[in-house]
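One letter stands for each residue in the lines below.
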Amino acid sequence: MIAILQERDFPVGKLYPLASERSLGKSVGFGGRYLPVAVLDEHDFSDTDIALFSAGASVSEIHAPRATNAGCVVVDNTSQFRNEPDIPLVVPEVNPAALAGLRPRNIIANPNCSTIQMVVALKPIYDAAGIDRINVATYQAVSGAGRQQVEELARQSTELMSGRAEDADSNLKPIAFNAIPQIDSFEANGYTREEMKLVWETRKILGDDRIMINATAVRIPVFIGHSEAVSIETRDKISAAEVRELLRAAPGIRVLDEGRTGGYPTARTEAAGGNDVFVGRIRDDLSHERGISMWVVADNVRKGAALNRIQIADILVRDYL
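Definitions and cut-offs
Residues numbered from 1 in each chain as written. Predicted model: local features only at pLDDT ≥ 70, side-chain atom pairs only at ≥ 80, totals over all residues. Heavy atoms only, no water. Helix = DSSP H or I, 4+ residues; strand = E, 2+ residues; numbered from the N terminus. Rg over C-alpha atoms; globule rule 2.2 N^0.38 Å. Buried < 20%, exposed > 50% of the residue type's maximum accessible area, 1.4 Å probe, protein only. Contact = heavy atoms within 4.5 Å. Patch = residues over 30% accessible without salt bridge, like charges linked within 9 Å, V, L, I, M, F, W, Y side chains within 5 Å. Areas by Shrake-Rupley, 256 points an atom, 1.4 Å probe, with all protein chains shown as cover. Salt bridge = Lys/Arg side-chain N within 4 Å of Asp/Glu carboxyl O. Axes fitted to C-alpha atoms, helices over the stretch in contact; angles between N-to-C directions. Parallel < 35°, antiparallel > 145°, perpendicular 65-115°, else oblique. Left-handed = near helix turned anticlockwise from the far one by under 90°. Nonpolar A, V, L, I, M, F, W, Y, C, P; charged D, E, K, R; others polar. Pairing = 2+ DSSP bridges. Core = buried A, V, L, I, M, F, W, Y, C linked by side-chain atoms within 4.5 Å. Phe/Tyr/Trp six-rings, centres within 6.5 Å; stacked < 30°, edge-to-face > 60°. Expected span 1.5 Å × (residues − 1). Bend = angle between axes of the 7 residues up to and from the residue.

A. Structural view of the overall build of the chain. Helices and strands together make up the secondary structure of the chain, namely eight helices and 13 strands. Taking 321 residues into account, the globule formula puts the C-alpha radius of gyration at 20 Å, and the chain, at 20 Å, falls close to it. Across the 321 residues of the chain, 46% fall into the buried class. Long-range contacts, defined as pairs at least 24 residues apart, comprise 66% of the intrachain contacts of the chain with a sequence gap of at least 6.

B. The arrangement of a nonpolar patch on the surface in detail. Residues Leu 160, Met 161 and Phe 177 make up a contiguous nonpolar surface patch of about 360 Å² in total accessible area. For Phe 177, the location among the structural elements is in the loop between helix 4 (147-161) and helix 5 (193-206). Judged by relative accessible area, which is 57%, Phe 177 ranks as exposed.

C. Structural detail: the packing of helix 3 (residues 113-129) against helix 6 (residues 240-248). Look at helix 3 against helix 6: their axes get within 9 Å of each other, and the N-to-C directions meet at 120 degrees. On the basis of the axis angle, helix 3 is oblique to helix 6. Helix-helix and strand crossings are classified by hand; for helix 3 and helix 6 the assignment is right-handed. Between helix 3, through Ala 121, Pro 124, Ile 125 and Ala 128, and helix 6, the contact on the second element is made entirely by Val 243, Leu 246 and Leu 247. Tallied by class, residues from the contact of helix 3 with helix 6 come to seven nonpolar, no polar and no charged.

D. Focus on the environment of Ala 109. Along the chain, Ala 109 turns up in strand 7 (residues 107-109). Taking the C-alpha atoms as reference, Ala 109 lies 19 Å from Gly 146; in sequence the two are 37 residues apart. In contact with Ala 109, other than residues within four places in its own chain, are Asp 76, Phe 81, Arg 82, Ile 87, Pro 88, Leu 89 and Val 90.

E. Examining the sheet that holds strand 7 more closely. Across the sheet, three strands lie side by side as 5-6-7; this open sheet has parallel pairing. At either margin of the open sheet sits one strand with a lone partner, and together these are strand 5 (50-53) and strand 7. Looking at each pair of strands side by side, their axes are set apart by 20 degrees on average, direction ignored. The strands that helix 8 (residues 302-320) touches are strand 5, strand 6 (73-76) and strand 7; relative to strand 5, the one it contacts most, it runs at about 165 degrees.

F. Broad picture of the nonpolar core. Counting 50 residues, the largest nonpolar core has Leu 122, Ile 134, Val 230, Ile 232, Val 243, Val 279 and Met 294 as its most contacted members. Examining the composition of this core, we find that nine residues originate from one element, helix 3, more than from any other. If sequence neighbours within four positions are ignored, Val 279 has contacts with Ala 121, Leu 247, Ile 253, Arg 254, Val 255, Leu 256, Pro 265, Met 294, Trp 295 and Val 296. The next biggest cluster of nonpolar side chains, apart from the first, holds 19 residues, and it includes Phe 30, Leu 99, Ile 312 and Ile 315.

G. Quick peek at the packing of aromatic side chains. Under the counting rule described, the total for this entry stands at two aromatic pairs. A ring pair is formed by Phe 45 and Phe 53, whose centres lie 6.3 Å apart and whose planes are at 25 degrees; its orientation type is stacked. According to the relative accessible area criterion, Phe 45 is buried, its value standing at 3%. On the accessibility criterion, Phe 53 (6% relative accessible area) is buried.

H. Molecular detail of the side chain of Asn 95. If you trace the backbone, Asn 95 turns up in the loop between strand 6 and strand 7. When residues no more than four places from it in sequence are discounted, the contact partners of Asn 95 are Leu 89, Val 90 and Ile 205.

I. Layout of helix 2 (residues 57-69). Between the first and last C-alpha of helix 2 there are 18 Å, a value that for 13 residues agrees with the 18 Å anticipated at 1.5 Å per step. The largest bend in helix 2 comes to about 30 degrees, at His 63, with the proline Pro 65 one to four residues further on. For helix 2, the complete set of buried residues consists of Ser 60, His 63, Ala 64, Ala 67 and Thr 68. On the buried face of helix 2, the contacting elements are strand 5, strand 6 and strand 7. Looking one or two residues beyond helix 2, the residue adopting positive phi is Gly 71, at roughly 95 degrees.

Below you can see the structure in the form of C-alpha cells.
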C-alpha cells in the first residue's frame, strides 16, 4: 500500500504509520525517509484527511468511528462495514459514483479481493447485456490469509520435498500440494463465509439483488494471485467475440485469450506483481444459449487490496475532499 502511494505520486503531505504497541520501534520507508511506527490507540486523527485501515475487523470496529468523528475519511479493507447499507462498497472501475454516499459516516469499504477481480471483469458485460446468474469457482492464494499462511505453505512444502512430512490432522488439511475447499467459516446454508461474500458484495457493487450467484471458494498452494473460473448467464444474448471486444476496451482489464497452449493468463506469470485484472479462456457456454465462460486472474494483494484502496483515495482527493 505504501509502495503504491509512492508509485502513483499520491499527494501525501504527511504519512502516519500506525499499529499496535507491538510495532513500537519499527519504521517504514516512504519518500526517501524512514518513518517511525506510532501507536494507533494514541493517534489524534483531527489533522488526518484519509485513513487506510487494514488491521482486522475488530480494530476497524473500534478505531474507524474514532477517526471519522475527528473529521477523517476512512477507507477500510476489512469485512467490518461491507454489508452496511449506508456505507459505499467501491471498486473504482465499476461503481465510483457510489462514493457520493460516503456522508455522513465518512467510511468507504474495500470489497473482498475475490469479489474485486470478478466484478471488474463482469461490469462491461453487465452494462451491455445484463447478468441473470453467476457461477464461480475461486482458486485463491495463501497470501489472502496473511503472512503466517504464506510462511506455512513454504514450511510444509520444504518438509514434504525433504521427506519429513508430518502426521496429518484430519481437521486441519495441509495446504502444500493440496486444494482445500474451505475459506473462512461455514454458514448455516452450507456455504463458507468467503463464498457468501461473493454473493453479498457482487449484488451490492452492481446494485442488482436479482443476480443469482453460486460460489465455491478453494485455497490452493500458490503464494500470490487469485484465479477464478466464471460462468454467467446474461439477460440478453451476447457472443464470446463481443465479450472480448468489450473487455479489451474496459479500464483495468487485460485480455489474453489466444486459443493456444499458454495463450491465457495465470496467477504466477501474469497477475503476480501487476495492477490489472487478466481475462482469458473466453468462450460461449455450450450448456446455455445465453452463457459465457471465462478465466479471471489478479494479484490479490495489489489489486485485491492495496491498489483498490489507493484508487478510491485518488477519487476522494479529486472529487470529495
